[in-house]
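# Geometric and topological summary
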Amino acid sequence: YVVNECDSFKGMEGSGAVRAFRITKTQGQLDLLPLNSKASMGSSPCHVVHHSSLPYLFITNYGGGNVIAYRICSNGAIGEVSCIHRFEGKGPDAGRQEGSHPHHT
């Protein structure tokens, strides 16, 4: 799983993307087979994590100030949104901390 740190995905302004791949091995060489892509539901996604015992993928959006959870399908593709959590608050430096900027989950 990878995030695409962009601010627009398939016409959705203010959203980056997350992509799923399957790793295959043919003739001793590893290849990435794209499975699907979904909107990260926030700008500047910077982190993606999957815990091996949970069927969820968590994406952190630095610019969007949120974390989103997607279900993972049985074939490894990204499924439906499970939840979105938006962080509130400001930092002490008003010039660069106008809102929440999470870095990882």
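In what follows, the structure referred to is the one given above.
My aim in this report is to walk through the structure given alongside it, one point at a time. (Residues numbered from 1 in each chain as written. Predicted model: local features only at pLDDT ≥ 70, side-chain atom pairs only at ≥ 80, totals over all residues. Heavy atoms only, no water.)

### A look at the overall build of the chain
Within the chain, the regular secondary structure consists of 0 helices and 9 strands. Each helix and strand of the chain, placed in order from N terminus to C terminus, yields the pattern β-β-β-β-β-β-β-β-β. Seen through its principal axes, the chain has C-alpha atoms that stretch 55 × 25 × 25 Å. For the chain, the residues scored as buried account for 29% of the 105 residues in total. (Helix = DSSP H or I, 4+ residues; strand = E, 2+ residues; numbered from the N terminus. Buried < 20%, exposed > 50% of the residue type's maximum accessible area, 1.4 Å probe, protein only.)

### Thoughts on the sheet that holds strand β6 (residues 45-50)
Taking strand neighbours across the sheet as the criterion, the 4 strands line up as β6-β7-β8-β9 in an open arrangement whose pairing is antiparallel. Of all strands in the sheet, those bounded by a partner on one side alone are β6 and β9 (78-86). The average undirected angle you get between the axes of adjacent strands in this sheet is 20°. Here strand β8 (residues 66-72) runs beside β9; their pairing, made up of 6 bridges, is antiparallel. For V67, the partnering residue across the bridge sits in β9 and is H85. (Pairing = 2+ DSSP bridges. Axes fitted to C-alpha atoms, helices over the stretch in contact; angles between N-to-C directions.)

### A short note on the sheet that holds strand β4 (residues 17-26)
Spatial strand order, β1-β4-β5: 3 strands in an open sheet with antiparallel pairing. Edge positions in the sheet fall to β1 (2-4) and β5 (29-39), since each has one partner strand and no second. When strand polarity is set aside, the average angle formed by the axes of neighbouring strands in this sheet is 30°.

### Remarks on the side chain of N61
Mapped onto the elements of the fold, N61 is located in strand β7 (residues 56-61). Assessed through its relative accessible area of 0%, N61 is described here as buried. In this structure the side chain of N61 is engaged in a polar contact, spanning 2.8 Å, whose partner is the side chain of N66. If we skip the residues at most four places from it in the chain, N61 touches S40, M41, G42, S43, S44, P45, N66, I68 and P102. (Polar contact = N/O pair within 3.5 Å; in protein donor to acceptor, adjacent residues only side chain to side chain. Contact = heavy atoms within 4.5 Å.)

### Describing the state of the cysteines
Throughout the structure, instances matching the rule amount to 0 disulfides. In this structure C73 is a free cysteine whose sulfur lies 16 Å from that of C83, the closest cysteine sulfur available. (Disulfide = S-S within 2.5 Å.)

### Quick notes on the pattern of salt bridges
Two side chains of opposite charge can pair, provided their charged atoms sit close to one another. Applying the stated criterion to the full structure yields 1 salt bridge. Measuring nitrogen to oxygen at the nearest pair gives 4.0 Å for the salt bridge that ties K38 to E80. Of the two residues, K38 sits in strand β5 while E80 sits in strand β9, which places them 42 residues apart along the sequence. Taking relative accessible area as the criterion, K38 reaches 22% and is therefore assigned partly exposed. Residue classification places E80 among the exposed residues on the basis of a relative accessible area of 58%. (Salt bridge = Lys/Arg side-chain N within 4 Å of Asp/Glu carboxyl O.)

### Some words on a nonpolar patch on the surface
Taken together, M12, M41, V81 and I84 make up a surface patch of nonpolar side chains, about 310 Å² in accessible area. The topology assignment puts V81 in strand β9. (Patch = residues over 30% accessible without salt bridge, like charges linked within 9 Å, V, L, I, M, F, W, Y side chains within 5 Å. Areas by Shrake-Rupley, 256 points an atom, 1.4 Å probe, with all protein chains shown as cover.)

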